[in-house]
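Here is what each chain is made of, one letter per residue.
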Amino acid sequence: MPIKDVETPYPVIDKDPHFFRVVRYFRPSDYAALAAGTAAAPAIMLGFEKLNPSGPAKAMRGPLRLAGFLGAVGGFLIAYQRSSLRFWGWEENTAEVEKDKAEMAQRIAEGKPLYGESQLSPYLQSVAAGNSRNAQLKFNAIPWFNFANHDQHGVEAAKYNETQ
Amino acid sequence: MVLFSVLTMIVAIALFSLRISAINFNRIAIIVLIYSGFLAYNTIYTDLVGSGIGVFSGLFQITAITQSIDVFICLIGALVLLLGENSTIGTGTSLKDGVTVKQSSMIGKYLPVLAEYPLIVLFSVLGMSSLISSSDLVSMFLSIELQSFAVYILATIYRDSESATAAGLKYFLLGSLSSAFILLGSSLIYGFTGLTSFEGLYMLCSTTTSNHAIEISVLLIVVGLLFKVSAAPFHNWAPDVYDGVPTMVMSWLVTMPKISLLVFILEFQGFTQLSNWSSWTYLLLISSLLSLMIGTIGGLSQYRIKRLLAYSTISHVGFLLLALAINSEESIESFLFYLIQYSLTNVNVFFILIAFGYLLHSRGLAPYSPVQFINQLKGQFQMNPLLGISLAICLFSMAGIPPLVGFFGKQMVLYSAVHNGNFFLALVAILTSVVSAAYYLRVIKVIHFDPYTVTDTNVVNKETVTTSSSLVIATLTLLLIFFIFNPTPLLNSAHLITLSLFYW
């Protein structure tokens, strides 16, 4: 499948960042989104209960825990999506660009591969990349993350050598 | 989000259904849909997404339309699930002489929400969201089936009801027939081309001369889809099924699957424009003409409210198909606008009908609840003036009476039809719209002007409509009325989405 070349308003850092990289690049505002998402779900549950009482207050413990759990998942997905949009260059990403340069420069200095080592064949790496690329756009239905160290990140590795 | 929530809820229902009541599962599903809608909203980048971005190895695609409609589906889904809040009536506590007592008089007398209901609804939403994004024959068929199986189960979820079980079986059998058409069309396309991805098919059709084999295959698929949206002449199942299932379930069956299926047809038909297949346009136009006529004439003789609404739906599908068949910038804009306003109006009608049912029940008129016959609403204006007026406004809007939002929907569709030279269909649409106003007016007459004949009522509970229902009814009704004062946000959104379809 040909990869669509999107003209982004900000520089592209990585078109299919690894899960842990996305999480490491969370900004405080992303953590705030996560916290807000976690808190909002039980709050909405309590709001419902206040509007239309359904039973004794102690019966709400279980539902509140479940709502809190799903709220945390929702909040995490929102934070992950926001961080990914910065990786793609769809949102303002000055801080991330600097962080990426520093991280990659260090990796080059240490002689490590830029995107980690992988035991997958090139074909399987392309399959993994095809499955996870842009998946954040469909997070509302299917959460899908990149856990593979593939080699298809949509940026020229040479640019990191130039910054050395 | 929806997939993860489905998996979580399966485990939670299995393990904790004794500790978590069904109504709370329903509320959690509403919250999940709100989060899901926000996640979709967060990625509406019309300029960057452009003509579309493939995801999951090209099995699905993301466009401005898919993201916007995802948000809409989640919003409407959450609204429909709010109907479940009605089962809290009488289960709360109240203060009596300083002591908290449970209002138990009404418990168990209403249709309860089942814990599985929101779970199946989430399955259905997952299918809808996947369907509007699908860009491959395999993902298309699997999405349609995921959505369809969920609604078959929803139709029969209240197994104690004989009519619901019969309706569900009929829905399943006829739905399977339509799925078979879609599968046949898909397999023929694969047989003729060796391709399953829409991208590949578009490229093939744009470079070759007309290919009747592919054309027939695509028509078979669209026949299956028309079957599922209950467009005439494939509509026969709809009145029976919708009438048989509980009103709460009907509100889901009537509103939700149509949104995703019609939006899928909209995206799929870009394909047919490449080869200038006139048969596609004629099929949609004929189906539109028949839907308008059958939906209108059939509705005139109905005395059961849900059958009347089923015929009303068929008539509105006629308008939507007319806009789809024209396929110009104006018509697609009118299609999106019509779909949005009709879905919201429809949801409001169901909220009001269910509220009437509960109020009649609380007056000791249990046989009148849920409302089955139009005559059961006799003189309800005297009992519940606000509900009566709200229903009248919704029905006026459906009939296309200005200045309500429904009028603008019909006007936009008719304008695009006339602009495109479809004078005959525009004339039929106007005439059927006038005739269909007759059956809407009949309901309004029964509610407002017929005498309230029941005298031996015994008020068993002073419960009114739930707060959430009142809130939804009030908001949606005011939206229908005051749309005219600030139409820009909705019209501009529809316009931008349409432009993204045509100019990228």
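Cut-off values and rules
Residues numbered from 1 in each chain as written. Chains lettered and ligands numbered in written order. Predicted model: local features only at pLDDT ≥ 70, side-chain atom pairs only at ≥ 80, totals over all residues. Heavy atoms only, no water. UniProt positions renumbered as here; feature names shortened; annotations may be inferred. Helix = DSSP H or I, 4+ residues; strand = E, 2+ residues; numbered from the N terminus. Rg over C-alpha atoms; globule rule 2.2 N^0.38 Å. Salt bridge = Lys/Arg side-chain N within 4 Å of Asp/Glu carboxyl O. Contact = heavy atoms within 4.5 Å. Polar contact = N/O pair within 3.5 Å; in protein donor to acceptor, adjacent residues only side chain to side chain. Buried < 20%, exposed > 50% of the residue type's maximum accessible area, 1.4 Å probe, protein only.

Looking at an unreviewed UniProt entry, one finds chain B named NADH-ubiquinone oxidoreductase chain 2 and attributed to Umbelopsis ramanniana AG. Per UniProt, chain B carries the Sequence similarities (unreviewed entry) text "Belongs to the complex I subunit 2 family." Recorded in UniProt under Subcellular location (unreviewed entry), the annotation for chain B is "Membrane".

Under an unreviewed UniProt entry, the name given to chain A is NADH-ubiquinone oxidoreductase 21 kDa subunit, and the source organism is Umbelopsis ramanniana AG.

**Considering the overall build of chain A**
Scanning chain A for helices and strands turns up six helices and zero strands. Element order for chain A, N to C, with α for helix and β for strand: α-α-α-α-α-α. The C-alpha atoms of chain A give 20 Å as radius of gyration, which overshoots the globular expectation for 164 residues (15 Å, by more than 25%). A principal-axis box enclosing the C-alpha atoms of chain A has dimensions of 65 × 30 × 30 Å.

**Observations regarding the pattern of salt bridges**
All names here are of chain A. On inspection of all chains with the given rule, the structure shows 17 salt bridges over all chains. The partner of Glu96 in a salt bridge is Arg27, and the shortest N-O contact between them spans 2.8 Å. Taken as a pair, Glu96 in helix 4 (residues 94-110) and Arg27 in the loop between helix 1 (19-24) and helix 2 (28-51) lie far apart in primary sequence, 69 residues in all. Across the pair Arg82 and Asp30 runs a salt bridge, and its minimum N-O distance is 2.8 Å. Taken together, the positions of Arg82 in helix 3 (residues 61-88) and Asp30 in helix 2 put the pair 52 residues apart, joining distant regions of the chain. Shared partners join several salt bridges into a network, and the residues in it are Arg27, Asp30, Arg82, Arg86, Glu92 and Glu96.

**A closer look at the interface of chain A and chain B**
The partner chain B presents 50 residues to the 54 residues of chain A that form the contact. Our count for the chain A to chain B interface comes out at two salt bridges. The salt bridge involving Asp70(B) is made with Lys138(A); its shortest N-O contact spans 2.8 Å. Counting across the chain A and chain B interface gives 23 residue pairs in polar contact (both at pLDDT 80 or more). Those elements giving two or more residues to the side of chain A that touches chain B turn out to be helix 2, helix 3 and helix 5 (122-132) of chain A. In terms of residues, the side of chain A that touches chain B owes the most to one element, helix 3 of chain A, which gives 15 residues.

**Digging into the UniProt feature "domain: NADH-ubiquinone oxidoreductase 21kDa subunit N-terminal" (unreviewed entry) in chain A**
Mapped onto the present numbering, the UniProt feature "domain: NADH-ubiquinone oxidoreductase 21kDa subunit N-terminal" (unreviewed entry) falls on residues 8-92 of chain A. For residues 8-92 of chain A, the end-to-end C-alpha separation is 10 Å, with 68% helix and 0% strand making up the annotated structure.

**Concerning the environment of Ile221(B)**
Residues and elements named next belong to chain B. Assignment of secondary structure puts Ile221 in helix 9 (residues 212-228). By relative accessible area, Ile221 is classed as buried at 0%. When the C-alpha positions of Ile221 and Phe149 are compared, they lie 18 Å apart, and in sequence the two are 72 residues distant. Residues contacting Ile221, with those up to four places away along its chain left out, are Leu137, Met140, Phe181, Ile182, Gly185, Ser186, Ile189 and Phe268.

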